[in-house]
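Descriptive analysis of the structure
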Amino acid sequence: MASERDLSWMAVALEEADQATLHADVPIGCVVVSESGTELARDHNRREELADPTAHAEVLALKAAAARLGTWRLEGATVYSTLEPCPMCAGALVLSRVARVVYAARDPKAGAIDSLFSLGTDDRLNHTFAVERDVLADQSRARLSAFFKALRAEGQK
């Protein structure tokens, strides 16, 4: 069962995900929290807004957290993401040396933490992190379903 701290931070990530829909991006949000519980950064998907295929919530939040700390090593940090990170984001999480990843909904088509790959826990890599799954997953799935339902209704996807 998720801790109160994890539930609280995931709620912040879900609020951030809502911001993505304001510019027609998939509602995925991310928050990076220090070991002491201080927010280091937050962001949401901005691929459409920035016309950048790498502008995923996790990558943007990791970059902002690193800039704030003045180092790429985010040791001790916990990352909260509303969707299981993709291979690119999971790789960035490994490379940034985060301690933990907490995610909401699983992603059977692109998830690289559990669904398709296990990048965060693969001992062959130079770093691994702890994983907490399915935290407020229903709330995340509801946002994603509503977003894609609206796109289909508009004939876009």
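The structure we're discussing is the one just above.
None of these values were measured; they are calculated from a predicted model.

What counts, and where the lines are drawn
Residues numbered from 1 in each chain as written. Predicted model: local features only at pLDDT ≥ 70, side-chain atom pairs only at ≥ 80, totals over all residues. Heavy atoms only, no water. Helix = DSSP H or I, 4+ residues; strand = E, 2+ residues; numbered from the N terminus. Rg over C-alpha atoms; globule rule 2.2 N^0.38 Å. Buried < 20%, exposed > 50% of the residue type's maximum accessible area, 1.4 Å probe, protein only. Contact = heavy atoms within 4.5 Å. Areas by Shrake-Rupley, 256 points an atom, 1.4 Å probe, with all protein chains shown as cover. Pairing = 2+ DSSP bridges. Axes fitted to C-alpha atoms, helices over the stretch in contact; angles between N-to-C directions. Core = buried A, V, L, I, M, F, W, Y, C linked by side-chain atoms within 4.5 Å. Parallel < 35°, antiparallel > 145°, perpendicular 65-115°, else oblique. Left-handed = near helix turned anticlockwise from the far one by under 90°. Nonpolar A, V, L, I, M, F, W, Y, C, P; charged D, E, K, R; others polar. Disulfide = S-S within 2.5 Å. Phe/Tyr/Trp six-rings, centres within 6.5 Å; stacked < 30°, edge-to-face > 60°.

1. A few points about the overall build of the protein chain
Along the protein chain, the regular secondary structure elements total five helices and five strands. Each helix and strand of the protein chain, ordered N terminal to C terminal, gives the series α-β-β-α-α-β-α-β-β-α. The globule rule puts the C-alpha radius of gyration for 157 residues at 15 Å, and the 15 Å found for the protein chain is close to it. Overall, the protein chain is about 45 × 30 × 30 Å in size when its C-alpha atoms are taken along their principal axes. With 157 residues in all, the protein chain has 47% of them scored as buried. The long-range fraction of contacts in the protein chain, counting pairs at least 24 apart against all pairs at least 6 apart in sequence, stands at 58%. Counting every atom, the protein chain has about 7,900 Å² of accessible surface; 52% of that belongs to carbon and sulfur.

2. Some thoughts on the sheet that holds strand β4 (residues 100–105)
Ordered in space as β2-β1-β3-β4-β5, the five strands form an open sheet in which the pairing is mixed. Of all the strands in the sheet, the pair left with one neighbour each is β2 (39–44) and β5 (130–132). In this sheet, adjacent strand axes meet at a mean angle of 15° when their direction is disregarded. Direction of pairing for strand β1 (residues 29–33) relative to β2: antiparallel, over a ladder of five bridges.

3. Details of the nonpolar core
Judged by nonpolar contacts, the single largest core of 29 residues is most densely connected at Val32, Leu62, Leu74, Val79, Leu93, Val98 and Phe129. When contributions to this core are tallied by element, the ones reaching two or more residues are β1, β2, α3 (57–69), β3 (78–83), α4 (87–95), β4 and α5 (137–153). Top contributing element to this core by residue count: α3, with five residues. Apart from residues no more than four positions distant in its own chain, phenylalanine 129 is found in contact with Ala90, Leu93, Val94, Val98, Ala99, Arg100, Val101, Ile113, Gly120 and Thr121.

4. Some details on the packing of α3 against α4
α4 packs onto α3 with a crossing angle of 25° between their chain directions and a minimal axis gap of 9 Å. On the basis of the axis angle, α3 is roughly parallel to α4. Both α3 and α4 take part in a crossing whose hand is left-handed. Contacts from Glu58, Val59 and Leu62 in α3 reach Met88, Cys89, Ala92 and Leu93 in α4. Of the residues that constitute the contact of α3 with α4, the class distribution is six nonpolar, no polar and one charged.

5. Quick look at the state of the cysteines
Per the stated rule, a full pass over the model turns up zero disulfides. In this structure cysteine 30 is not part of a disulfide, and its nearest cysteine sulfur, from cysteine 89, lies 8.1 Å away. In this structure cysteine 30 comes out as buried when scored by relative accessible area, which is 0%.

6. What about the packing of aromatic side chains?
Within this structure, the stated rule accounts for one aromatic pair. Taking 5.1 Å as the distance between ring centres and 80° as the angle between the ring planes, the aromatic pair formed by phenylalanine 147 and phenylalanine 148 counts as edge-to-face. For phenylalanine 148, a relative accessible area of 28% translates into the label partly exposed.

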